[in-house]
There are 2 protein chains.
Amino acid sequence: MTKIAVLIGKDFEDSEYSQPAQAFKQAGFDLVHLGLKKDEIVTGKKQNTPVRIDMEVDAANPDDFDALLIPGGYSPDNLRAHKGPIRFVKHFMESEKPVFAICHGPQLLISAGKLEGRKATGWKSLTCDIKYAGAEFEDKEVVVDGNLVTSRQPSDIPAFVEACLKMLEKVRDKAA
Amino acid sequence: MTKIAVLIGKDFEDSEYSQPAQAFKQAGFDLVHLGLKKDEIVTGKKQNTPVRIDMEVDAANPDDFDALLIPGGYSPDNLRAHKGPIRFVKHFMESEKPVFAICHGPQLLISAGKLEGRKATGWKSLTCDIKYAGAEFEDKEVVVDGNLVTSRQPSDIPAFVEACLKMLEKVRDKAA
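Not measured: the values here are computed from a predicted model.

About the cut-offs
Residues numbered from 1 in each chain as written. Chains lettered and ligands numbered in written order. Predicted model: local features only at pLDDT ≥ 70, side-chain atom pairs only at ≥ 80, totals over all residues. Helix = DSSP H or I, 4+ residues; strand = E, 2+ residues; numbered from the N terminus. Rg over C-alpha atoms; globule rule 2.2 N^0.38 Å. Buried ≥ 20, exposed ≤ 12 C-beta atoms within 10 Å, placed from the backbone. Pairing = 2+ DSSP bridges. Contact = placed C-beta atoms within 7 Å. Axes fitted to C-alpha atoms, helices over the stretch in contact; angles between N-to-C directions. pLDDT = per-residue confidence, 0-100. Nonpolar A, V, L, I, M, F, W, Y, C, P; charged D, E, K, R; others polar. Least-squares fit on C-alpha atoms with pLDDT ≥ 70 in both. Parallel < 35°, antiparallel > 145°, perpendicular 65-115°, else oblique. Left-handed = near helix turned anticlockwise from the far one by under 90°. Expected span 1.5 Å × (residues − 1).

J.: How would you explain the overall build of chain A if you had to name every residue and give the values?
T.: A tally of regular secondary structure across chain A gives 6 helices and 11 strands. For chain A, the C-alpha radius of gyration of 14 Å lies close to 16 Å, the compact-globule estimate for 176 residues. Across its three principal axes, chain A shows a C-alpha extent of roughly 35 × 35 × 30 Å. Counting the 176 residues in chain A, one finds 53% classified as buried.

Put into structure tokens, the structure is as follows:
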């Protein structure tokens, strides 16, 4: 089964988790929620959507997952204050498997030192950070560069999910 | 009277506003709270400390202030999604008047393009952003570089306030 790691922490942007998660599950993909503490319930910053952490990110092996989803909100900044999430993202980006980051999600890619030379987008407050990190910032609803899919904000979710699913289907077809 | 602009938005780190603000007022300095909307009450992310915005930042003239305080929390990232706060910080940094930024405060300095070649510190999640922005990151409780004072986190507040007050006293002495 194609397994997607969801890297998530407190105060995530609810819709940027719940809508892609629902679409991925409906399409038959398996989600594993990685966070700072196993069994912790983290909540979204607007609707308090609860998410139970399935596995501590420090205990997770990037090789066990086929793709990575990083929802936005304050979650990425909270996670990147710790070494484990940065290490996981770095390793995952090096594997060249699909990485989906929306809104503040690219903050984790910056801290992992993995945006250099990439095309990417993100929440407007990060424009400067993304450029300084060596990426080409594109103000578009979705930017696909190799295995990296990025979007700016909740209103981009339909385009984001479409691009992610397209990539996930390819992974599943290859494995079949 | 020596006037300090406090650039503040929702979900600021309570202590990083309230403790410096109290110390500055006690020392006889005047505070003017600049934000996105005049008369809006913005609150801290932990204790819901209320702060009334005295003046819309778009209507504020940096020349009317002697120093700038930027508390941390989620406030700097919320503010830098708008042009006004970035423009104000850019202009202020160019004036070479004292700028005090703690925790996530340096995010506004990055978006203003004003950290290049400076020595600075900030909340650990920003380490990468600060370095990419061209600054020399120092993991110290307070870093003073010219008129720029930066600190990392709430536990640094005593050292931060001490360095700020030292600089403010100099400004007051000069004006006297």
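J.: Please give an account of unusual backbone geometry that cites residues and values.
T.: Even without being a glycine, Asp11(A) presents a positive backbone phi close to 65°. Among the secondary structure elements, Asp11(A) is positioned in the loop between strand 1 (3-7) and helix 1 (14-26). With a phi close to 65°, Glu96(B) is a non-glycine residue in the positive phi region. Here Glu96(B) lies in the loop between helix 3 (83-94) and strand 7 (99-102).

J.: An account of the sheet that holds strand 5 (residues 55-56) of chain B is requested, with residue identities and associated values reported.
T.: Residues and elements named next belong to chain B. Here we have 7 strands laid out as an open sheet, ordered 5-2-1-6-7-11-10, and mixed in their pairing. A single partner strand is all that each edge strand has here, and the edge strands are strand 5 and strand 10 (143-145). The strands that helix 6 (residues 157-175) touches are strand 6 (67-70), strand 7, strand 10 and strand 11 (148-151); relative to strand 11, the one it contacts most, it runs at about 165°.

J.: Before we move on, can you summarise the confidence of the model for chain A with the specific residues and values?
T.: Confidence in the prediction for chain A averages 97 pLDDT; 100% of positions are at 70 or higher. Overall fold confidence (pTM) sits at 0.95, and the ipTM for the predicted complex is 0.93.

J.: Tell me about the sheet that holds strand 6 (residues 67-70) of chain A, residues and numbers included.
T.: Residue and element names in this part refer to chain A. If you trace the 7 strands from one edge of the open sheet to the other, you get 5-2-1-6-7-11-10, paired in mixed fashion. Strand pairing shows two members of the sheet lacking a second neighbour, strand 5 (55-56) and strand 10 (143-145), which therefore form its edges. As defined by bridge partners, strand 1 adjoins strand 6 across 3 bridges and the pair is classed as parallel. Paired with Ala5 across the strands is Leu68, a residue of strand 6. Those strands touched by helix 6 (residues 157-175) are strand 6, strand 7 (99-102), strand 10 and strand 11 (148-151), and its axis lies near 165° from that of strand 11.

J.: How would you explain the interface of chain A and chain B if you had to name every residue and give the values?
T.: Taken residue by residue, the interface counts 12 residues in chain A and 12 residues in chain B. Those elements that place two or more of their residues in the side of chain A that touches chain B are helix 4 (106-111) and helix 5 (127-132) of chain A. In terms of residues, the side of chain A that touches chain B owes the most to one element, helix 5 of chain A, which gives 3 residues. Counted by class, the side of chain A that touches chain B contains 6 nonpolar, 2 polar and 4 charged residues.

J.: Give me the pairing of strand 6 of chain A: which residues, what numbers.
T.: All names here are of chain A. Neither face of strand 6 is open: one carries Ala67 and Leu69, the other Leu68 and Ile70, and all of them are buried. Pairing of strand 6 with strand 7 involves 3 bridges; the strand directions are parallel. From the neighbouring strand, Leu69 faces strand 7, where its bridge partner is Phe100.

J.: Residue-level account of the relation of the copies chain A and chain B, with values.
T.: With an RMSD of 0.0 Å, the fit of chain A onto chain B corresponds to turning through 180° and sliding 0.0 Å along the axis. On this basis, the relationship between the two copies can be described by a two-fold rotation axis. Ranked by how close their C-alpha atoms come to the rotation axis, the residues of chain A are headed by Tyr132(A), at 2.7 Å. Interface residue correspondence from chain A to chain B reaches 100%, placing this contact among same-surface, isologous pairings.

J.: Go over the environment of Glu138(B), please, and point to the residues and values.
T.: With respect to the helices and strands, the residue Glu138(B) is situated in the loop between strand 9 (136-137) and strand 10. Dropping the residues within four chain positions of it, Glu138(B) is found in contact with Lys119(B), Thr121(B) and Val143(B).

J.: Quick rundown of the packing of helix 1 (residues 14-26) of chain B against helix 6 of chain B? Include the residues and the values.
T.: All names here are of chain B. Direction vectors running N to C along helix 1 and helix 6 enclose 40°, while the axes themselves pass 10 Å from each other. When the axis of helix 1 is compared with that of helix 6, the two are oblique. Handedness of the crossing formed by helix 1 with helix 6: right-handed. Contacts between helix 1 and helix 6 involve Ser15, Glu16, Gln19, Pro20 and Ala23 from the first element and Ile157, Phe160, Val161, Cys164 and Leu165 from the second. A breakdown of the residues in the contact of helix 1 with helix 6 according to their chemical character gives 7 nonpolar, 2 polar and 1 charged.

J.: Account for the environment of Pro76(A), naming residues and giving values.
T.: Residues and elements named next belong to chain A. Within the fold, Pro76 resides in helix 2 (residues 75-79). Residue classification places Pro76 among the buried residues on the basis of 33 C-beta atoms within 10 Å. C-alpha of Pro76 to C-alpha of Leu7: the two residues are 69 residues apart in sequence and 8.3 Å apart in space. Other than its neighbours up to four places away in sequence, Pro76 contacts Ile70, His104, Gly105, Gln107 and Leu108.

J.: Outline helix 3 (residues 83-94) of chain A, listing residues and values.
T.: Residues and elements named next belong to chain A. Between its first and last C-alpha, helix 3 extends 17 Å over 12 residues, near the 16 Å set by a 1.5 Å rise per residue. For helix 3, the elements touching its buried residues are strand 1, strand 6, helix 2, strand 7 and helix 4. Residue Glu96 follows helix 3 closely and has a positive phi angle near 60°.

J.: How would you sum up the pairing of strand 11 of chain A? Please name residues and give values.
T.: Residues and elements named next belong to chain A. The alternating pattern of strand 11 places Leu148 and Thr150 on one face and Val149 and Ser151 on the opposite face, and all of these are buried. Looking at chain direction, strand 7 and strand 11 are connected through 4 bridges and run parallel. By the bridge assignment, Phe100 is partnered in strand 11 with Val149. Sheet topology places strand 10 next to strand 11; 3 bridges connect them, and they run antiparallel. Note that in strand 11 the partner of Val143 across the bridge is Thr150. Where strand 10 hands over to strand 11, the hairpin turn is made up of 2 residues, of which Gly146 adopts a positive phi near 60°.

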